[in-house]
Amino acid sequence: SLGFSPDAITIPLLNTPDPICDTNDFVWPKEFVYLGKGKQAFAFESKDSQYVIKFFDRNRMEIPWYHIFATKRWIHRREAKQLLYPESYRLAYQTMKDETQLIQVHMGVSQEKLPTITVKDRASRLFPIDLNQVPFILQKKAPLSFLETLEACKRNSNELHAWIDQYIQMNHKRIHLLIANQDKHIQDNYRCNGKTLIYIDPGRYYINHHLRSPAVLKEEWIKATYELRRWIQTHAPQVVSYFDQKVATELDNQYN
């Protein structure tokens, strides 16, 4: 994929209102430095490393001309992302704000005047970005990898239990709100800030009323826990039964 440029993030704003953000007291950092690129966004961190701003990659949002040569599966996945885009981050901000550490979601009509910031790319080039003109999300930074954090305490069952509890509670809240998540991977999506688990990429969230069905709900829990259970089975088998019991309890209490 192409590198960062202001043109790469020039995506039309939605014509629907942004969620009202409580950022009256927020002091915007003037400069953000390139942090990395995910599957659908460029990420920059503030110079004090407290915040991350993500701009959406236009190349990932548009259906390119060469889709005529692509497989139906590829086209379906690209279209699914486009359908989720207007909903997912707003949904996360309105329902899972603490769990995602979202500070602001700007994808449409904003209630407030936003600043112009400077971003520094990988080549140390500086670009002014008028935040009123482009969609973005702003989050508190979660500096620690979840899997590396688990690895560091893999022989301490009490610490592992505490992380498992947070993971289950986070997914319990999401599923209880009838929010499904198309992204089941934990490697890049869960991070830690101190002892707090954070879900940093809710770009595949969507409301699914079928989660009221026991079969669909069970499938959602299996998808949400499969990778973590596999890691535990390999690296910390002493807590597999604790993990399994937590998940079983969630399914037993699904209508409570």
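Predicted, not measured: the structure shown is a model, and the values here were computed from it. (Residues numbered from 1 in each chain as written. Predicted model: local features only at pLDDT ≥ 70, side-chain atom pairs only at ≥ 80, totals over all residues. Heavy atoms only, no water.)

1. Thoughts on the sheet that holds strand β11 (residues 196-199)
Line of reasoning, step 1. Taken together, 3 strands build an open sheet; the order of strands is β8-β10-β11 and the sheet is antiparallel. For this open sheet the edge positions go to β8 (144-145) and β11, each flanked by a neighbour on one side alone.
Line of reasoning, step 2. Here strand β10 (residues 190-193) pairs with β11 via 4 bridges, running antiparallel. Note on β11: the bridge partner recorded for cysteine 192 is leucine 197.
Line of reasoning, step 3. Lying on the sheet, helix α5 (residues 157-176) is in contact with β10 and β11; it crosses β11 at an angle near 35°. (Pairing = 2+ DSSP bridges. Helix = DSSP H or I, 4+ residues; strand = E, 2+ residues; numbered from the N terminus. Contact = heavy atoms within 4.5 Å. Axes fitted to C-alpha atoms, helices over the stretch in contact; angles between N-to-C directions.)

2. Remarks on α5
Line of reasoning, step 1. With 20 residues, α5 should reach 28 Å at 1.5 Å per residue; the first-to-last C-alpha distance of 27 Å fits that figure.
Line of reasoning, step 2. By the N-cap criterion, in which a side-chain oxygen at the helix start approaches the backbone nitrogen of a residue two or three places on, α5 is capped by asparagine 156, the distance to asparagine 158 being 3.2 Å.
Line of reasoning, step 3. A positive backbone phi angle near 65° is found at leucine 178, which sits one or two residues after α5. (Expected span 1.5 Å × (residues − 1). Polar contact = N/O pair within 3.5 Å; in protein donor to acceptor, adjacent residues only side chain to side chain.)

3. Quick notes on the packing of aromatic side chains
Given two aromatic rings, their pairing is described by the distance between the two centres and the angle made by the two planes.
Line of reasoning, step 1. Within this structure, the stated rule accounts for 16 aromatic pairs.
Line of reasoning, step 2. One aromatic cluster is present, formed by Phe4, Tyr34, Phe42, Phe44, Phe55 and Phe127 through successive ring pairs.
Line of reasoning, step 3. The lysine or arginine in question, lysine 37, covers the ring of phenylalanine 42, its NZ or CZ lying 5.1 Å from the ring centre. (Phe/Tyr/Trp six-rings, centres within 6.5 Å; stacked < 30°, edge-to-face > 60°. Lys NZ or Arg CZ within 6 Å of the ring centre and 35° of its normal.)

4. Comments concerning the layout of surface pockets
Line of reasoning, step 1. Its boundaries defined by the atoms lining it, the largest pocket holds a volume of some 760 Å³.
Line of reasoning, step 2. Of all elements in the fold, only β1 (31-37), β2 (41-46), β3 (51-56), α2 (72-95) and β7 (136-140) reach the threshold of two or more residues within the lining of the largest pocket.
Line of reasoning, step 3. Each residue belonging to the lining of the largest pocket can be placed in one class, and the counts come to 10 nonpolar, 10 polar and 11 charged. (1 Å grid on protein atoms, 1.4 Å probe; cavity = no way out; pocket = protein on both sides within 12 Å on 5 of 7 lines; lining within 4 Å. Points joined across faces, edges and corners; volume = space filled by probe spheres on them. Nonpolar A, V, L, I, M, F, W, Y, C, P; charged D, E, K, R; others polar.)

5. Observations regarding empty space enclosed by the protein
To locate leftover empty space, one rolls a probe as large as a water molecule over the atoms.
Line of reasoning, step 1. Counted by the stated rule, this structure contains 3 cavities of 30 Å³ or more.
Line of reasoning, step 2. Looking at the largest cavity, its volume works out to about 80 Å³.
Line of reasoning, step 3. If you trace the largest cavity, you find 14 residues lining it, with Asn181, Asp183, Lys184, Tyr190 and Ala224 closest to the centre.
Line of reasoning, step 4. Of all the secondary structure elements, the ones that give two or more residues to the lining of the largest cavity are α5 and α6 (214-235).
Line of reasoning, step 5. Partitioning the lining of the largest cavity into residue classes produces 5 nonpolar, 4 polar and 5 charged.

6. Some words on the confidence of the model for the protein
Line of reasoning, step 1. Per-chain confidence: the protein averages 89 in pLDDT, with 88% of residues scoring 70 or above.
Line of reasoning, step 2. Here α2 stands out as the least confident element of the protein, with mean pLDDT 74; β11 is the most confident, with 98. (pLDDT = per-residue confidence, 0-100.)

7. Things to note about the packing of α5 against helix α7 (residues 240-252)
Line of reasoning, step 1. At a closest axis distance of 11 Å, the pairing of α5 and α7 adopts a crossing angle of 20°. What the angle tells us is that α5 and α7 run roughly parallel. For the pair α5 and α7, the crossing hand works out as right-handed. Of α7, the residues touching α5 (which contributes His161, Ile164, Asp165, Ile168 and His172) are Tyr242, Phe243, Lys246, Val247 and Glu250.
Line of reasoning, step 2. Residue composition of the contact of α5 with α7, grouped by class: 5 nonpolar, 2 polar and 3 charged. (Parallel < 35°, antiparallel > 145°, perpendicular 65-115°, else oblique. Left-handed = near helix turned anticlockwise from the far one by under 90°.)

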